[in-house]
Amino acid sequence: MNWDDTAPTSDDTAGERLVGASADGEDQAVEAALRPKSLDEFVGQERVREQLDLVLKAALARGATADHVLLSGAPGLGKTTLSMIIAAEMGAPIRITSGPAIQHAGDLAAILSSLQEGEVLFLDEIHRMSRPAEEMLYMAMEDFRVDVIVGKGPGATAIPLELPPFTLVGATTRAGLLPPPLRDRFGFTAHMEFYAPAELERVIHRSAQLLDVEIDTDGAAEIAGRSRGTPRIANRLLRRVRDYAQVKADGVITRRIAATALQVYEVDGRGLDRLDRAVLEALLKLFGGGPVGLSTLAVAVGEERETVEEVAEPFLVREGLLARTPRGRVATPAAWTHLGLVPPQAKGPGSGQQGLFGA
């Protein structure tokens, strides 16, 4: 049984982009078909898979429920998929809900009281759960018990409610926001890393086979190189390239077809899209590479401050194209190179402008 009450997050704007890591309705439907069903099928995250395999096999050997699991990492790396695999490996049902959907302790009590023995409860964006529900979860995770408050004021009484053993799988994109008492109650924690291009190629080949799409090695490599280290983005780009190949070519995805298709969709060789390049171009062409304040940069791009800060900047910083400094945003030499522009200090002694990356 699924509780599909996931509330919108700050990543919703990113989800509207072809290279956004959040999933919309179409992505969720396709992911359900492409999702691996076991740890053996799961591509990447080798260390996490190895550790999780030991945890689950040990629990099965003891005839006990698995320890509570905390999965952290950026969107689109496979946290939900791993939660379903945990349930499948344990031969248990899974119930899915999200932190924003649990606003009151009563919401959580209703879910916990209906769990079956051994069931897996997947709690997405667990850091966004309300504080009263969070405090109830402490006792539920540790003692498999919750206290239900009946009545109000001086006449209120707490009725202890015993819970069957269950496994909580929490997922978060911001592990630092979890309070230590909650984090310490997880028996196993894992951080999901971004994927290497070779791993994404394996993801793309597997997805292409399931989607009945013909793709060669070079075509998969071209898509993988533009996927920002994220399987969800790789699968989304594969579907868009498939559409182009079916309409404009013979349906076979080669490097040339993939590159041409992604040029149509404005995704360049490093995975930057229109918004990313707009931020870099404004920073370089209007402000000489910075430093410039975030609000000023957002106005120059024609976007909200939060969109630039939360949607565009994280990937630009991770790629080493932009730096956040106390004085403002600064472009790196790699940004000038990527856009084919010349840094001010390299324009000659007569330019009269101080260099940004040296005297």
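Note that this is a predicted model, so its numbers are computed, not measured. (Residues numbered from 1 in each chain as written. Predicted model: local features only at pLDDT ≥ 70, side-chain atom pairs only at ≥ 80, totals over all residues. Heavy atoms only, no water.)

Undergrad: Go over the pattern of salt bridges, please, and point to the residues and values.
TA: A full pass over the atoms with the stated rule returns 17 salt bridges. When salt bridges that share partners are traced, they join Asp-218, Glu-222, Arg-226 and Arg-255 into one network. (Salt bridge = Lys/Arg side-chain N within 4 Å of Asp/Glu carboxyl O.)

Undergrad: Provide a residue-level description of the environment of Arg-329, including the pertinent values.
TA: Its place among the elements puts Arg-329 in strand β11 (residues 328-331). In this structure the C-alpha to C-alpha distance between Arg-329 and Leu-294, which are 35 residues apart in sequence, comes to 6.8 Å. Of note is the side chain of Arg-329, whose polar atom sits 2.7 Å from the side chain of Glu-313. (Helix = DSSP H or I, 4+ residues; strand = E, 2+ residues; numbered from the N terminus. Polar contact = N/O pair within 3.5 Å; in protein donor to acceptor, adjacent residues only side chain to side chain.)

Undergrad: Before we move on, could you go through the nonpolar core and cite the residues and values that matter?
TA: Nonpolar side chains in soluble globular proteins tend to end up buried together. In terms of nonpolar packing, the biggest core is built from 52 residues, with Leu-52, Leu-82, Ile-204, Ile-215, Ile-223 and Ile-253 touching the most fellow members. Residue contributions to this core peak at seven residues, all from helix α10 (residues 231-248). If you look at the next biggest cluster of nonpolar residues, it comprises 24 residues, including Leu-108, Met-129, Leu-137 and Tyr-138. (Core = buried A, V, L, I, M, F, W, Y, C linked by side-chain atoms within 4.5 Å. Buried < 20%, exposed > 50% of the residue type's maximum accessible area, 1.4 Å probe, protein only.)

Undergrad: Which residues make up the packing of helix α13 (residues 294-301) against helix α14 (residues 305-318), and what values go with them?
TA: At a minimum axis separation of 8 Å, α13 and α14 run at an interaxial angle of 90°. Considering the angle they form, α13 stands roughly perpendicular to α14. Across from Leu-294, Ser-295, Leu-297 and Ala-298 in α13, the residues of α14 making contact are Arg-305, Val-308, Glu-309 and Glu-313. For the contact of α13 with α14, the per-class residue count stands at four nonpolar, one polar and three charged. (Axes fitted to C-alpha atoms, helices over the stretch in contact; angles between N-to-C directions. Parallel < 35°, antiparallel > 145°, perpendicular 65-115°, else oblique. Contact = heavy atoms within 4.5 Å. Nonpolar A, V, L, I, M, F, W, Y, C, P; charged D, E, K, R; others polar.)

Undergrad: So, the sheet that holds strand β6 (residues 167-172): which residues are in play, and what are the values?
TA: Here five strands make up an open sheet; going across it, the order is β2-β3-β6-β1-β7 and the pairing parallel. One side of each edge strand has no neighbouring strand; the edge strands of this open sheet are β2 (94-98) and β7 (188-191). The mean inter-strand angle of the sheet, taken between neighbouring strand axes irrespective of direction, is 15°. Summarising the sheet, strand β3 (residues 120-124) and β6 pair through four bridges and their orientation is parallel. Its bridge partner being in β6, Phe-122 is matched across the sheet by Val-169. Where helix α4 (residues 79-90) meets the sheet, it contacts β1 (69-72), β2, β3 and β6, and its direction lies at approximately 175° from that of β3. (Pairing = 2+ DSSP bridges.)

Undergrad: Can you lay out α4 for me, pointing to particular residues and giving the numbers?
TA: Between the first and last C-alpha of α4 there are 17 Å, a value that for twelve residues agrees with the 16 Å anticipated at 1.5 Å per step. Of the positions making up α4, those classed as buried are Lys-79, Thr-81, Leu-82, Ser-83, Ile-85, Ile-86, Ala-87 and Met-90. Buried-residue contacts for α4 involve α3 (46-62), β1, β2, β3 and β6. (Expected span 1.5 Å × (residues − 1).)

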